[in-house]
Amino acid sequence: MHSSVETLVHVENVEKTFRRGSEEIHVLSEMNLEVPTGEFLALMGPSGSGKTTLLNLIGGLDRPTRGSVTIAGDRIDKLPDRQLAAWRARHVGLVFQFYNLLPVLSAERNVELPLLLTHLSKAERREHVKTALDVVGLSHRTRHFPRTLSGGEQQRVGIARAIVTDPTLLLCDEPTGDLDRRSGDEILGLLQALNREHGKTIVMVTHDPHASARATRTLYLDKGRFSAEKPE
Amino acid sequence: MKYVSLVWSNLRRKRLRTGLTVLSIFIAFVLFGLLCTIKEAFTAGVTLAGADRLISRHKVSLIMTLPESYARRMARIPGVASAVHLTWFNGIYQDEPKNFFGSFPVSDPTAYFDLYPEFLLPTEQEEAWLKTRTGAVVGRSLADRFHWKIGDRVPLKSPIWPRAAEEAWEFDIVGIFDGANRATDTSGFYFRYDYFDEARANGKGQVGWFVVRADDPDRADEIARAVDAEFANSPYETKTEPEGAFAQGFVQQIGDIGAILMAILSAVFFTILLIAGNTMAQAVRERTMELGLLKALGFTNGLVLALVLAESCLIATAGGFAGLAVAWLATVGGSPIPSVLPVFFLPAKYVAMGAVLVFALGVVTGILPALEAMRLRIATALRRQG
Ligand SMILES: Nc1ncnc2c1ncn2[C@@H]1O[C@H](COP(=O)(O)OP(=O)(O)OP(=O)(O)O)[C@@H](O)[C@H]1O
Ligand SMILES: [Mg+2]
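Residues numbered from 1 in each chain as written. Chains lettered and ligands numbered in written order. Predicted model: local features only at pLDDT ≥ 70, side-chain atom pairs only at ≥ 80, totals over all residues. Heavy atoms only, no water.

Notes on the nonpolar core
Logical step 1: Ile58(A), Leu113(A) and Phe299(B) are the most contacted members of the largest nonpolar core, which totals 82 residues.
Logical step 2: Considering every element that reaches this core, the biggest residue donor is helix α12 (residues 301-332) of chain B, with 10 residues.
Logical step 3: In contact with Leu113(A), other than residues within four places in its own chain, are Leu102(A), Leu105(A), Leu6(B), Leu294(B), Leu297(B) and Phe299(B). (Core = buried A, V, L, I, M, F, W, Y, C linked by side-chain atoms within 4.5 Å. Buried < 20%, exposed > 50% of the residue type's maximum accessible area, 1.4 Å probe, protein only. Helix = DSSP H or I, 4+ residues; strand = E, 2+ residues; numbered from the N terminus. Contact = heavy atoms within 4.5 Å.)

Put into structure tokens, the structure is as follows:
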């Protein structure tokens, strides 16, 4: 492929159109983006500008209408459904604004979920889960259920779940959007550490300038296109 | 295997709803087991009839008698291997009308037990019977019902056949026969015709019906016609038919049990289908985000489909197998009304049918929600949040 060795994410001429009845909604147009390995990229922009949509395309959760998405040399937009699912399990960690934990599972079992898809034994899974919960500083809360945890703690569980498979790429959609300043800062510190100390490549969508300040680069999205400047 | 606890956790989410659904399936399968047992009890005689046995009775009615001498004439008809006669005795034990059971004088003990190979009588007991004029042979379930043992002397009264000497009839139990399988009716009481005929006050020489053995089961119908032809235009004309048809006639007097039970069961299962189907539909709908998340994590569409199906099958098996087990336990103790339904058990074929129904219920109630879960688009499912 024509992406250089250091380019992990390569989005080329991507267009994304949703169809709502007879109406076509152009969400992304002429989208080009390169994210080098090891970058902590922040994506900002007004609501409805297409940030989540772009993140979904990079994470293989959705497919572009036109253009290509290449991650570490793989044309993921061309992968059949089954292979794409396997690719996600291996390469992508996802962190959401509302944590998206399963309420019926304890913290450790939530973190274990992505490992169910691997060939790891039960003991190995437990080991990985413990490591991930250690990294996010929640080793004392492993048996707790999501409803008994604070928002910040739930998001730590969410991050532990995202990193437990040691993915190539971490995608975070407004990870601090539902948290107060203090918890938000802790989460951002954690992401920053993952980026700096563990070399994780992170793409993070955020509305919060405090959050984007932690990133190594910030891009602004407006009406489905990148704009050079921060829009007013 | 590692996904089982995930399915299990989901079932515990709405414990009351899961519990009520399991309970309703449980009740449906208890009902299924009991109704199948009852159906079997009513039709046991029909399905177990030997193909080579014909019943020959008075042409007008079963309650009218025939001359004893017919036995010899029947035996001479080509194709007839043997002919044994029985009479409805209607014996009552201890003057208690509810202590009622089938009791019959039999013309030829040896020939009779040859006719019914499903009655297992030890040889030495059969020999004892031939030696004991007042001897009686009873089935296992009847012996158990009244705690009779070999050597017991049992007095019976018959409203139809008073004894010439007026006191009760007395019988010595000389044998107890077992059934070759569980569907064999072992509630009968058999005694010797020579004793009976000599001691009865009236109707000497008159007997109830004949069991005729055809030497070729394939020619049974032809032989039945030959028997009836032999006695045509006599004062005692006969009606001869295969034993299965004879028993069928009995059952049809009660009504078509099978059809009634099928109607009840269909209604029950239709209701259960709606209840369990609704539970699964709700379970999937309220979990849209979670299912989307599993897919985002890399769970394939097929795996998500399987997880939802596993859930509905688990609900169905929990309730269904518990219900079948309880129905089986309830019938294993024997008949609650042995005088009416002597054969009373849940046959293995209905247990197997129940098991198939359990899985069918699980799949049918789960398949639509499972397909819905499978088709869910990740991006859309994850947006439905906050
Ligand atoms: N599945 C879909 N069907 C139809 N329209 C969609 C779909 N997904 C997104 N859209 C539309 O695409 C546009 C961009 O949505 P997107 O979620 O990417 O915005 P966003 O930048 O993440 O906004 P926010 O900051 O509010 O999260 C919106 O107008 C949205 O309504
Ligand atoms: Mg968004």
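Let's pick the thread back up.
With respect to a nonpolar patch on the surface
All names here are of chain B.
Logical step 1: Taken together, the side chains of Leu16, Leu20, Leu23 and Ile27 make up a nonpolar region of the molecular surface, amounting to roughly 410 Å² of accessible area.
Logical step 2: As for its placement among the helices and strands, Leu16 is situated in helix α2 (residues 15-48).
Logical step 3: A relative accessible area of 66% means that Leu16 is categorised as exposed. (Patch = residues over 30% accessible without salt bridge, like charges linked within 9 Å, V, L, I, M, F, W, Y side chains within 5 Å. Areas by Shrake-Rupley, 256 points an atom, 1.4 Å probe, with all protein chains shown as cover. Salt bridge = Lys/Arg side-chain N within 4 Å of Asp/Glu carboxyl O.)

Observations concerning the packing of helix α10 (residues 257-285) of chain B against α12(B)
Residues and elements named next belong to chain B.
Logical step 1: The N-to-C vectors of α10 and α12 enclose an angle of 145 degrees; their axes lie 11 Å apart at closest approach. Helix-helix and strand crossings are classified by hand; for α10 and α12 the assignment is right-handed. Mapping the contact onto sequence places Thr279, Met280, Ala283 and Val284 in α10 and Val308, Glu311, Ser312 and Ile315 in α12.
Logical step 2: For the contact of α10 with α12, the class distribution of residues is five nonpolar, two polar and one charged. (Axes fitted to C-alpha atoms, helices over the stretch in contact; angles between N-to-C directions. Left-handed = near helix turned anticlockwise from the far one by under 90°. Nonpolar A, V, L, I, M, F, W, Y, C, P; charged D, E, K, R; others polar.)

Let's talk about the packing of aromatic side chains
Residues and elements named next belong to chain B.
Logical step 1: Under the criterion given, the structure shown has 42 aromatic pairs over all chains.
Logical step 2: Ring centres of Phe104 and Trp209 lie 5.9 Å apart, and the angle between their planes is 80 degrees; this geometry places the pair in the edge-to-face category. With Phe104 in strand β5 (residues 103-106) and Trp209 in strand β12 (residues 209-214), this pair connects stretches of sequence that are 105 residues apart.
Logical step 3: Among the residues examined, Phe104 registers a relative accessible area of 12% and is labelled buried. (Phe/Tyr/Trp six-rings, centres within 6.5 Å; stacked < 30°, edge-to-face > 60°.)

Details of the pattern of salt bridges
Residues and elements named next belong to chain B.
Logical step 1: Applying the stated rule across the entire model yields 36 salt bridges over all chains.
Logical step 2: Among the salt bridges present, the one from Arg287 reaches Glu311, with a minimum N-O distance of 2.8 Å. With a gap of 24 residues between them, Arg287 in the loop between α10 and α11 (288-297) and Glu311 in helix α12 connect regions that are remote in the sequence.
Logical step 3: Accessibility expressed as a relative area gives 4% for Glu311, which makes it buried.
Logical step 4: Overlapping salt bridges, with partners in common, bring together Arg133, Arg192, Asp194 and Glu198 in one network.

Some remarks on helix α5 (residues 151-163) of chain A
Logical step 1: In this model α5(A) runs 18 Å from its N-terminal to its C-terminal C-alpha over 13 residues, within 8% of the 18 Å that 1.5 Å per residue would give.
Logical step 2: Within α5(A), 12 of the 13 residues are buried, which leaves the element mostly enclosed by the surrounding structure.
Logical step 3: Three or more residues of α5(A) are buried, namely Gly152(A), Glu153(A), Gln154(A), Gln155(A), Arg156(A), Val157(A), Gly158(A), Ile159(A), Ala160(A), Arg161(A), Ala162(A) and Ile163(A).
Logical step 4: Of the surrounding secondary structure, the elements contacted by the buried residues of α5(A) are β6 (92-95), α3 (107-112), α4 (122-135), β7 (169-173) and α6 (181-197) of chain A together with α11 of chain B. (Expected span 1.5 Å × (residues − 1).)

Observations concerning the confidence of the model for chain B
Residues and elements named next belong to chain B.
Logical step 1: For chain B, per-residue confidence averages 88 on the pLDDT scale, and residues scoring 70 or more make up 94% of the total.
Logical step 2: No element of chain B has a lower mean pLDDT than helix α9 (residues 243-254), at 66, and none a higher one than α11, at 95.
Logical step 3: Predicted complex, confidence summary: ipTM 0.94, pTM 0.74. (pLDDT = per-residue confidence, 0-100.)

Some remarks on the domain arrangement of chain B
Logical step 1: Each domain of chain B was delimited in the assignment, giving domain 1 (4-45 + 255-385) and domain 2 (49-254).
Logical step 2: One C-alpha centre belongs to domain 1 of chain B, the other to domain 2 of chain B; they are set 47 Å apart. (Domains from an automatic or database assignment.)

Digging into the sheet that holds strand β9 (residues 217-222) of chain A
In any sheet, the strands associate via hydrogen bonds between backbone groups, in a parallel or an antiparallel arrangement.
Residues and elements named next belong to chain A.
Logical step 1: Across the sheet, six strands lie side by side as β6-β7-β8-β3-β9-β10; this open sheet has mixed pairing. Two strands bound the open sheet, and with one partner strand each, they are β6 and β10 (225-227). When the angles between neighbouring strand axes are averaged without regard to direction, this sheet yields 25 degrees.
Logical step 2: When β9 meets β10, the two strands line up antiparallel, connected through three bridges. Each bridged residue has a counterpart across the sheet, and for Leu221 the counterpart in β10 is Phe226. (Pairing = 2+ DSSP bridges.)

Let's talk about the interface of chain B and chain A
Logical step 1: Counting from both sides, the interface comprises 25 residues of chain B and, opposite them, 25 residues of chain A.
Logical step 2: For the pairing of chain B and chain A, the buried interface totals around 2,200 Å² over both sides, and the portion due to carbon and sulfur atoms is 64%.
Logical step 3: At the junction of chain B and chain A, the tally comes to seven residue pairs in polar contact (both at pLDDT 80 or more).
Logical step 4: Within the residue set of the side of chain B that touches chain A, elements represented by two or more residues are α1 (4-11), α11, α12 and α14 (378-383) of chain B.
Logical step 5: Of the residues forming the side of chain B that touches chain A, the biggest block, seven residues, is contributed by α11(B).
Logical step 6: For the side of chain B that touches chain A, the class distribution of residues is 12 nonpolar, eight polar and five charged. (Buried area = accessible area lost by both parts, 1.4 Å probe. Polar contact = N/O pair within 3.5 Å; in protein donor to acceptor, adjacent residues only side chain to side chain.)

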